[in-house]
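Fold and geometry: a report
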Amino acid sequence: MNIKRQISILKAQIEEEKKKRKTGKGGGWLVEKHGAAQITLIGFTNSGKSSLISAVTNAKPLISNYPYSTVEPAVGMLPYQDIYFQLVEAPSLQPTLEETSWNLKILGLIRNADGIILVLDLQEDTSQQFKLLKRILEDSKIFVEKPRGRVVIDRRADGLGVQVVVVGKLLDATHEDVKNLLNSYKIYNATVKVYGEATLNDVEEAVFGGVQYKPTLIVANKFDSENLKEKLKTLEAEVNGKLKILPVSCRTGKNLEKLGEEIFGLMEILRVYTKHPSKKEPSTEPIILRKGATVLDVAKEIHSQLYEKFWYAKVWGSSAKYSGERVGGDHVLADKDIIEIHTRK
């Protein structure tokens, strides 16, 4: 990254913090999370973000041909099967003023989100839009392309030490190496989840939380006519298969019904249904977790006492070898599993 640009961004962030301290108010936008995942819609002015969120959710943003007509985040809930996704429309980024407090507020929305939708206008130069959006994000250490490996560290205070769950492969380290690394930073109780192929350096980067990866979908909007297929092909060549592209038309409704399914796959969501030992039927409302989640993650999500007094669990579903299999806390779950947790007396 260019050093001058980095210094400029840091100065803008410092000024924003000074404003917060002087006024006693936060200078950014904070949208409380609801639903299975929070997805932020970003793009440049008149790309169709307001039309998209209005078409697929209950949100009623101002839809206008005037540039920068959206000045506050708009929020709506997108239903998909038995869950909802929270869509947050961010005001439009300013492409020539990346370091302004305006763009910093939008970047704050993105950092808080679970995923991103890049809304591009197919009637304009979509490749240029994509490259510019990607650069603005990467300059702020937000990456939209899935890394070879990813590490998530959940710190705890339960005295159970460092537990390592690998959904993939540790390339140059053992579980013991990971534990020793965390201990060297005075982290003695945590769950370390390794996705894909990761190195010990990736684990160390996760300790400091500097770089963020956000699962990202490209929505190529205004796909209203056949003569835009060439522009779509140009965008596909630029993206080179690294991100999924969903061409839509908010005007005609084309492909809008596919958005929920695309987000579900993007976020690698697991729906787990709990069952009380004294009841025959499981809950109808799922607990939402991410791929790689374990039985202990479910126990922790329900109640701290279930987590602390966990003994074993029974599992029904595709992760179990047979219906009602008795498993330990490190058992990795699959979508639509049913779980019955038993505790020590």
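Remember, it's a predicted structure, so these values are computed and weren't measured experimentally. (Residues numbered from 1 in each chain as written. Predicted model: local features only at pLDDT ≥ 70, side-chain atom pairs only at ≥ 80, totals over all residues. Heavy atoms only, no water.)

Glancing now at the packing of helix 4 (residues 126-139) against helix 7 (residues 229-239). Where helix 4 contacts helix 7, the two axes come as close as 8 Å, and the packing angle between them is 30°. Of the possible angle classes, the one that applies to helix 4 and helix 7 is roughly parallel. Residue-level inspection shows T126, S127, F130 and K131 of helix 4 in contact with helix 7, the latter providing K231, T234, L235, E238 and V239. Looking at the contact of helix 4 with helix 7 residue by residue, the class counts come to three nonpolar, three polar and three charged. (Axes fitted to C-alpha atoms, helices over the stretch in contact; angles between N-to-C directions. Helix = DSSP H or I, 4+ residues; strand = E, 2+ residues; numbered from the N terminus. Parallel < 35°, antiparallel > 145°, perpendicular 65-115°, else oblique. Contact = heavy atoms within 4.5 Å. Nonpolar A, V, L, I, M, F, W, Y, C, P; charged D, E, K, R; others polar.)

Time to look at the pattern of salt bridges. Under the defined criterion, the tally for this structure stands at 13 salt bridges. The partner of D154 in a salt bridge is K193, and the shortest N-O contact between them spans 3.8 Å. With D154 in strand 6 (residues 149-155) and K193 in strand 8 (residues 190-198), the pair connects residues that are 39 residues apart, well separated along the chain. Judged by relative accessible area, K193 falls into the buried class, the value being 11%. (Salt bridge = Lys/Arg side-chain N within 4 Å of Asp/Glu carboxyl O. Buried < 20%, exposed > 50% of the residue type's maximum accessible area, 1.4 Å probe, protein only.)

A word on the sheet that holds strand 16 (residues 338-343). The strand order across the open sheet formed by five strands is 13-12-16-14-15, and the pairing between neighbours is mixed. Edge positions in the sheet fall to strand 13 (287-290) and strand 15 (325-327), since each of these pairs with one other strand and no more. Neighbour-to-neighbour, the strand axes of this sheet turn through a mean angle of 35°, independent of strand direction. Note that strand 14 (residues 310-316) and strand 16 share six bridges and pair antiparallel. Bridge pairing links F310 to T343 in strand 16. (Pairing = 2+ DSSP bridges.)

For N240, which is not glycine, the phi torsion reads 60° and is therefore positive. Tracing the sequence through the fold places N240 in the loop between helix 7 and strand 11 (244-247).

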